[in-house]
Amino acid sequence: MNKILTSLNTFALILLFLSFVFSVFSITTLKVDETQSIKVNFYELIEIAEQPKRLSGTKPKESIQEADLNKVEENSEVKKSLDFEKYKLNKPDIKRELSKIKLSKEREVILKISAIIQDKISSVWIKPNSLSKVLAAKVLINLAPSGEVINFEMVEPSNDKVFDESVLIAINKISFFEEVLGLDRKLFESNFRNFKLVFKSSGEIE
Amino acid sequence: MKRSLIILIFLSSNIFSLLEIEIIKGSDNLSKVAFVPFGIEENVNENYGEQISTLIEKNMLLFGEFENLDKAEMLSFPDSEEDFYYRDWKIMGVDYSVIGKINSVNALGNLNISYSLFNINRRIKILEGEIVGRENNIEGIAKIISNRIYEKITGLKGIFDTKLAYIVNSDAETYQMCISDIDGKNEQILFTSAAPIMSPDWSPDRKKIAYVSFENGLAEIFIQDLASGERESIQALGMTNSAPVWSPDGKSLALVVSFSGNPDIFSYSINNKRLVRLTNHYGIDTEPSWSPDSKKIIFTSDRSGSPQLYEINTQSKRKKRLTRDGNYNARGRYFPDGKSIFFVHGNDGNFQIATKKLSSRFIETLTSTSLDESPTISPNGNIIIYATKDGSKGYLGGITLDGKSRFSLPVKNGSVREPAWSPLFN
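Before going into details, it helps to say that this report is about the structure given with it. (Residues numbered from 1 in each chain as written. Chains lettered and ligands numbered in written order. Predicted model: local features only at pLDDT ≥ 70, side-chain atom pairs only at ≥ 80, totals over all residues. Heavy atoms only, no water.)

**Some remarks on the interface of chain B and chain A**
Tallying the contact residues gives 39 residues for chain B and 37 residues for chain A. A combined buried area of about 3200 Å² lies between chain B and chain A, and 53% of that area is made up of carbon and sulfur atoms. When the buried surface of chain B facing chain A is broken down by residue, Leu 19, Ile 21 and Ile 23 of chain B rank first, second and third, together holding 23% of it. Taken together, the connections running from chain B to chain A amount to four salt bridges. (Contact = heavy atoms within 4.5 Å. Buried area = accessible area lost by both parts, 1.4 Å probe. Salt bridge = Lys/Arg side-chain N within 4 Å of Asp/Glu carboxyl O.)

Below you can see the structure in the form of structure tokens.
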């Protein structure tokens, strides 16, 4: 009986030990992955991209340290190929990050011009008293690159005649959106060639 | 096939992702209207042309809802569509032009007048009409034309033929119950008393006025017929009765009855003279007013410790508290659409007119004077007139709901209080 117990005990101990070892391993492997994905900094990546031959470090964090890089250069072929794969995986990241920066700059320009257009329309729109009704009307605007309003159309009228009429009057008062004049052509075509104005009345007493 | 599908989806998503710019705020400017002197035919009194356009102009500008173009600045004086050129008005920044002509006057003294309204920005004629009226009623004709123009531009009912009831207190012992046209003309004194008069309210058919008079020493409700001048006391139960308000269907009066000094809200049926108790609370319940569908009554009660507004369903008697902000919200009234209320909001000793959408938590103060009371709304829901004070003298102020225009009504001999705007003519 005792024997059985002790053997069971040892078995349990072995299991415990093994699970501990496994867990330790799994933690470390997880850690590596996390650091790779988290600590991969965009600027580090650019540097990496410029010196692809030197890149073979076990961790990207270390790869920017020259000394370490030289050290790992002597490492085995297998490791090199593995890291090269990592580098390959990182390439689209760079593109993405670059396009993100470009996008955020474009976004800024679009937002700025949208705000000017918003102000311009607000300054001529004489909003009627719609009592407590919540209303919205959408107008599609068609611009020439010169900023001239070529055409406009109420694509989604509200169900209030006077509200719709007030919107059409406001747009009739504006024949130019000069704000788009200096815009990059591509940006103009994709954002301001056709855009929508959404006129809203919240139903609150203003 | 798969590839083309993907492209299609991509394209369509691109179409739907058009830039959308939201416009929520409107301009602070007013619409500019040109009132062109009306033309006349040969046999018509030549003053009439200018007279009628001036009357229409005065009506339209009464509450500061529009801006006008001075006659001296007009580039032309067209009286028919053939002579009308949009560019003449566009240059002057005009939004709408009113033109017209007095075509004839017949042996009975009837004028035949035609008029048109143009939307300058849209370059379209939006209204055309003809009206026949008596020569001696040129003001009445101008009011009808003004109402039609106003309605076309704002989408709201014209209110130029409405009236105002109010109390004038010229000295300590003279109280007058008065009514006048909304522009202050044609004032009529309905009743004069040495004791206070309070709380006038119009019957929905505009033929009677209910008010409280202290002529017999205690608060008593009278209904006065405007045509005959006859007064009828409805002293319901031999106690003090006050704050009568007609239900929009004309069948009942909401009023306050005090049993042994404790005021509660009652409904009084005009036909069978029956009194129905609506509230029964040891707190003060007062200042009732009906919802537009005659189903609910808003009232002021101090049951929570401070004056707040409550609503009661006259059928189910279910009550609901409507205001929670601040420690003074009183004399509530519904907007004509029943979706918002306006009332007197007290804050640090200032009493201002405030509004609240029933579906929202927030209240918004409208006026900037500090002792405002008894607000009354135009039947089209666009203007509020209220009583306020300059020193000890009371006068009537007004404000449009968009806050763009504030005005005060012509000063009278004495303090003016408790304005009540009449309903529209049906």
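**Focus on the pattern of salt bridges**
One pass over the structure, following the stated rule, counts 26 salt bridges over all chains. Lys 125 of chain B is the salt-bridge partner of Glu 128 of chain B, the closest N and O atoms lying 2.8 Å from each other. One salt bridge connects Glu 215 of chain B with Arg 231 of chain B, and the closest N-O pair in it is separated by 2.6 Å. With Glu 215 of chain B in the loop between strand S12 (208–213) and strand S13 (220–225) and Arg 231 of chain B in strand S14 (residues 231–233), this residue pair connects regions lying 16 residues apart in the sequence. The network of salt bridges with common partners includes Lys 120, Glu 178 and Glu 179 of chain A. (Helix = DSSP H or I, 4+ residues; strand = E, 2+ residues; numbered from the N terminus.)

**A look at the side chain of Asn 112 of chain B**
Relative to the helices and strands, Asn 112 of chain B resides in strand S6 (residues 110–119). Engagement of the side chain of Asn 112 of chain B in a polar contact is seen with the side chain of Glu 130 of chain B, the distance being 3.2 Å. (Polar contact = N/O pair within 3.5 Å; in protein donor to acceptor, adjacent residues only side chain to side chain.)

**A short note on the sheet that holds strand S25 (residues 350–357) of chain B**
Residues and elements named next belong to chain B. Spatially, S23-S24-S25-S26 is the arrangement adopted by the four strands of the open sheet, whose pairing is antiparallel. Strands with a single pairing partner mark the edges of an open sheet, and in this sheet they are strand S23 (329–334) and strand S26 (363–365). Across this sheet, the average inter-strand angle for adjacent strands is 30 degrees, counted without regard to direction. By the bridge criterion, four bridges tie S23 to strand S24 (residues 340–347) in an arrangement that is antiparallel. Paired with Asn 329 across the two strands is His 345, which belongs to S24. (Pairing = 2+ DSSP bridges. Axes fitted to C-alpha atoms, helices over the stretch in contact; angles between N-to-C directions.)

These figures capture arrangement, not role.
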